Amino acid sequence: MKKVPMKRSNTIYVHIGVHKTGTSSIQSTLHCSANHAQLKKNGILILSSLPANHSEFIQSAFSDRPELYHTNLSKNLSLIEVTKYANHQKQQIVDHVDGHTNSTFIFSGEDACILSLDGFIRLRNFIYEAFGNDALINIICYTRNPFSYVESAVQENVKGNRMTIAEAASWHIAESKCKYINIYEKLANAFGKNAINFYSFENCLSNETGVVGSFLSTLGISSDGLHILNSNEGITSDSVKLISIANSAGINITHTDIRIMSSIKGKKGGFLTTEDINKIQINSSSDRLFLKETFGIEYQDIEIISNNKIDINPTNDFLKCISAQGDDITKELMELVNNLIKKSD
């Protein structure tokens, strides 16, 4: 009797970030068309109908209130329009997957980590519907030291969301309480504990090709022959402080302004106060114990320097470098820079 080939299951990796753990670099590398042939040789098929970052699709298709997702709000989309987009993308994925077995597919979106339990269940149900009820689902979540995370997130919010350092710090410090515990509990209820994998972002950086190389090794493939792309390079502390002051004054910072600031070398981070650090230490204590006991990821307390006062203004040398750029800098920003120089002289 002729043997019937056994159908093999598809494997689905759901990479949920979290934010500030190299997610953009992973997404850019996977989405790069020059890498698709090499990835395909390793059994990894890219969902080409989606952009590099799948957050918009994931939130639009599976969140409780998709019309309130920030991207949909910025586009002024109604719930009907968001649902139409989500259903179209779902069908594109189903069509792409049709006929494929024993293949690996990846969803990657850092905003997936903020889905509710019901949202994760909807995502799980769609995966089984699109990829088969026997699909093997693996969740990948990267963790980051809560102290460096807050500093990095503050920088990003000041640069991209027109917040001040104080506003962004307050938000992220409050968010640091039981953050990973809450994510884990939702994932465990939706996908089962055995599907969940948490990895330390800091440990991944020791890989020769950084977090991207570490992510690829998790998939069981080498980074050899692939173009590794790194995204979202940080800006200096002076740049963050100047943008924060400009945001407070209602001055619009352009991409050209930020590009010029980024070209000026200097220190990064260092804008958390003693009070900030103490709050993070307290808020993240349960999370840090959970990560150590469950995944062997250890983030220790850091030494708190009493009365650690932070200068909220950028250094004079930095300001003079900006002032020397002349007409390349936005007029309103240049006026602010010159006023700050006068105050410091």
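Our structure's up above, just so we're on the same page.
The rules behind the values
Residues numbered from 1 in each chain as written. Predicted model: local features only at pLDDT ≥ 70, side-chain atom pairs only at ≥ 80, totals over all residues. Heavy atoms only, no water. 1 Å grid on protein atoms, 1.4 Å probe; cavity = no way out; pocket = protein on both sides within 12 Å on 5 of 7 lines; lining within 4 Å. Points joined across faces, edges and corners; volume = space filled by probe spheres on them. Helix = DSSP H or I, 4+ residues; strand = E, 2+ residues; numbered from the N terminus. Nonpolar A, V, L, I, M, F, W, Y, C, P; charged D, E, K, R; others polar. Axes fitted to C-alpha atoms, helices over the stretch in contact; angles between N-to-C directions. Parallel < 35°, antiparallel > 145°, perpendicular 65-115°, else oblique. Left-handed = near helix turned anticlockwise from the far one by under 90°. Contact = heavy atoms within 4.5 Å. Buried < 20%, exposed > 50% of the residue type's maximum accessible area, 1.4 Å probe, protein only. Polar contact = N/O pair within 3.5 Å; in protein donor to acceptor, adjacent residues only side chain to side chain. Salt bridge = Lys/Arg side-chain N within 4 Å of Asp/Glu carboxyl O. Arc of directions from axis to C-beta.

## Overview of the layout of surface pockets
Line of reasoning, step 1. Here the second largest pocket defines a volume of roughly 290 Å³.
Line of reasoning, step 2. Taken together, 15 residues form the lining of the second largest pocket, with Ile165, Ala166, Phe271, Thr273 and Ile312 sitting closest to its centre.
Line of reasoning, step 3. Only α8 (165–175), α12 (237–248) and α14 (274–283) provide two or more residues apiece to the lining of the second largest pocket.
Line of reasoning, step 4. For the lining of the second largest pocket, the leading source of residues is α8, giving five residues.
Line of reasoning, step 5. Looking at the lining of the second largest pocket residue by residue, the classes come out as eight nonpolar, three polar and four charged.

## Considering the packing of helix α7 (residues 146–160) against α14
Line of reasoning, step 1. The geometry of α7 relative to α14 is characterised by a closest axis approach of 10 Å and an angle of 125° between their N-to-C directions. Between α7 and α14, the interaxial angle falls into the category oblique. Remark: the crossing between α7 and α14 carries right-handed chirality. In this structure, α7 contributes Pro146, Phe147 and Val150 to the contact, and α14 contributes Ile277, Ile280 and Gln281.

## Let's talk about the packing of helix α6 (residues 117–131) against helix α9 (residues 179–191)
Line of reasoning, step 1. Relative orientation of the contacting elements α6 and α9 amounts to 40°, with a least axis distance of 9 Å. Looking at the two axes, α6 sits oblique to α9. Once α6 is placed against α9, the crossing between them reads as right-handed. Across the interface between the two elements, Leu117, Phe120, Ile121, Leu123 and Arg124 of α6 pack against Lys186, Leu187, Asn189, Ala190 and Phe191 of α9.

## Description of the side chain of Ser200
Line of reasoning, step 1. One can find Ser200 in strand β4 (residues 196–200).
Line of reasoning, step 2. A relative accessible area of 7% means that Ser200 is categorised as buried.
Line of reasoning, step 3. There is a polar contact of 3.3 Å between the side chain of Ser200 and the side chain of Glu202.
Line of reasoning, step 4. Filtering out sequence-adjacent residues up to four positions away, Ser200 remains in contact with Thr143, Ile297 and Tyr299.

## Digging into the environment of Leu47
Line of reasoning, step 1. Mapped onto the secondary structure, Leu47 falls in the loop between α2 (36–41) and α3 (55–62).
Line of reasoning, step 2. The buried category is assigned to Leu47, whose relative accessible area is 3%.
Line of reasoning, step 3. On a C-alpha basis, the gap between Leu47 and His70 in space is 23 Å, while along the polypeptide they are 23 residues apart.
Line of reasoning, step 4. Each residue touching Leu47, except ones within four places of it in the same chain, is listed here: Ile93, His96, Val97, Phe105, Ile106 and Phe107.

## Considering the pattern of salt bridges
Opposite charge on two side chains permits pairing when their charged atoms draw close.
Line of reasoning, step 1. Counted by the stated rule, this structure contains seven salt bridges.
Line of reasoning, step 2. For the salt bridge of Lys292 with Glu298, the shortest nitrogen-to-oxygen distance reads 3.6 Å.
Line of reasoning, step 3. Taking the relative accessible area as the measure of exposure, Glu298 reaches 45% and is therefore partly exposed.

## Comments concerning unusual backbone geometry
Line of reasoning, step 1. Note that the residue after Gly17, namely Val18, is joined by a cis bond; omega there is 10°.
Line of reasoning, step 2. Tracing the backbone shows Val18 in the loop between β1 (11–15) and α1 (23–31).
Line of reasoning, step 3. You will see that Lys20, though not glycine, has its phi angle at about 65°, which is positive.
Line of reasoning, step 4. Relative to the helices and strands, Lys20 is located in the loop between β1 and α1.
Line of reasoning, step 5. The backbone of Asn102 shows a phi angle near 55°, a positive value even though the residue is not glycine.
Line of reasoning, step 6. Mapped onto the elements, Asn102 comes out in the loop between α5 (79–97) and β2 (104–108).

## With respect to helix α13 (residues 255–262)
Line of reasoning, step 1. All buried positions along α13 are accounted for by Asp257, Ile258, Ile260 and Met261. Down the axis, α13 shows its buried residues gathered within 160° of arc, on one side only. In α13, the exposed positions angled more than 90 degrees off the buried face are occupied by His255 and Arg259.
Line of reasoning, step 2. Lining the buried residues of α13 we find α7, α12, α16 (316–323) and α17 (331–344).

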